[in-house]
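# Notes for the structure review
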Amino acid sequence: MTADALDAKQRTRLNKLQKKLRRETGRAIADFNMIEEGDRIMVCLSGGKDSYTMLEILRNLQHSAPVHFELVAVNLDQKQPGFPEHVLPEYLEREGVAYHILEKDTYSIVKEKVPEGKTTCALCSRLRRGSLYGFAEEIGANKIALGHHRDDIVETLFLNMFFGGKMKAMPPKLRSDDNKHIVIRPLAYCREKDIVEFAAFKNFPIIPCNLCGSQENLQRQAVKEMLNQWDKRFPGRIENIFSAIGNVAPSQLADTRLFDFEHLEDGQQRGGAAAHRLDVVNLFQ
């Protein structure tokens, strides 16, 4: 669907959506100092709605940002049978976006290592991440942008609590385990439903992530359905959960690494409101 094909009402809605996504992305970038002068950002483009939207909004922000930064789109061709190799290059060339297609046969590794019928998502994502991180060095990118949005972050929080026994989500900005890369998630404040609607208006050439034939990650799907039900029954609940991720009170939890419970009797704890706030979180463990 092109802009010319939209009626007046649709154009108004698209304009509001774009402004909202741009505003939320800009706020996340500012809050976490994601982008600085001279950054060369590798935008990881999967062919899904999220990464297309991230690229579109970042390109839009380039024109008005107070700092100069460069974007390079990178897609990892994992050699999945039937993958439409022409779709992304045609789109990126039409849009005038600098890009690289990185070819790595991670598909064969996943099929060899994962038993038939088991979900391949975890291993596939680890191999994909390793390949992309290494390629960032080759092209001189100092930042790596991923398309995870607010719903992804909240879902990950519950997945880690329910199935991993950890209170841990996806930080909007982090340093990779090898300490070589800064990873940013510019869409961290954006709702998935807004991205879905925006992508439909823009008619992005979506490449579905079902080519490997693996079953969907059932745990994540169950959490997504739970959160969707909450969102319908209790408007604002998801927003509150996301706000809680950035409003942590260690003295009200039970992690002795984050709060000195041992010496409370000695009066060595921080006093007043400061005793209930987290000054530093080690996101690299």
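What counts and how
- Residues numbered from 1 in each chain as written.
- Predicted model: local features only at pLDDT ≥ 70, side-chain atom pairs only at ≥ 80, totals over all residues.
- Heavy atoms only, no water.
- Axes fitted to C-alpha atoms, helices over the stretch in contact; angles between N-to-C directions.
- Helix = DSSP H or I, 4+ residues; strand = E, 2+ residues; numbered from the N terminus.
- Parallel < 35°, antiparallel > 145°, perpendicular 65-115°, else oblique.
- Left-handed = near helix turned anticlockwise from the far one by under 90°.
- Contact = heavy atoms within 4.5 Å.
- Nonpolar A, V, L, I, M, F, W, Y, C, P; charged D, E, K, R; others polar.
- Buried < 20%, exposed > 50% of the residue type's maximum accessible area, 1.4 Å probe, protein only.
- Pairing = 2+ DSSP bridges.
- Phe/Tyr/Trp six-rings, centres within 6.5 Å; stacked < 30°, edge-to-face > 60°.

Let's shift gears to the packing of helix α1 (residues 8-31) against helix α7 (residues 192-202). Axis separation between α1 and α7 bottoms out at 10 Å; the angle between their running directions is 130°. Judged on the interaxial angle alone, α7 and α1 are oblique. For the pair α1 and α7, the crossing hand works out as left-handed. Residues Gln10, Arg13, Leu14, Leu17, Gln18, Lys20 and Leu21 of α1 form the contact with α7, whose participating residues are Asp194, Ile195, Glu197, Phe198, Phe201 and Lys202. In terms of residue class, the contact of α1 with α7 is built from 6 nonpolar, 2 polar and 5 charged.

Looking now at helix α3 (residues 87-95). Residues of α3 that are buried: Val87, Leu88, Pro89, Tyr91 and Leu92. Where the residues of α3 are buried, they touch α2 (49-62), β2 (70-77) and β3 (99-103). Trailing α3 by a residue or two, Gly96 shows a phi angle of about 75°, which is positive.

Further remarks concern the side chain of His149. Among the secondary structure elements, His149 is positioned in the loop between β4 (143-145) and α6 (150-164). We classify His149 as buried; its relative accessible area is 0%. Residues contacting His149, with those up to four places away along its chain left out, are Lys49, Asp50, Leu187, Ala188, Cys190, Glu192 and Ile195.

Bringing the sheet that holds strand β5 (residues 173-175) into the picture now. Overall, mixed pairing links the 6 strands, which are arranged β3-β2-β1-β4-β6-β5 in an open sheet. Each edge of the open sheet carries a strand with a single partner, namely β3 and β5. Neighbour-to-neighbour, the strand axes of the sheet open up by a mean angle of 25°, direction not taken into account. Here β5 runs beside strand β6 (residues 182-184); their pairing, made up of 3 bridges, is antiparallel. Residue pairing across strands places Lys173 opposite Ile184, the latter belonging to β6. This element, α2, spans β1 (40-44), β2 and β4 of the sheet and lies at about 155° to β1. Helix-sheet contacts for α3 involve β2 and β3, and the interaxial angle to β3 is about 165°.

For the structure on display, the rule yields 10 aromatic pairs. Ring centres 6.3 Å apart and planes at 90° place the aromatic pair Tyr91 and Phe204 in the edge-to-face group. With a gap of 113 residues between them, Tyr91 in helix α3 and Phe204 in the loop between α7 and α8 (218-233) connect regions that are remote in the sequence. Using a relative accessible area of 6% as the deciding quantity, one classes Phe204 as buried. Taken together, a centroid distance of 4.9 Å and an interplanar angle of 65° make the contact between Phe259 and Phe261 edge-to-face. On the basis of relative accessible area, Phe259 is assigned to the buried category, the value being 6%. Here the aromatic residues Tyr52, Tyr91, Phe198 and Phe204 are joined through ring pairs into a cluster of three or more.

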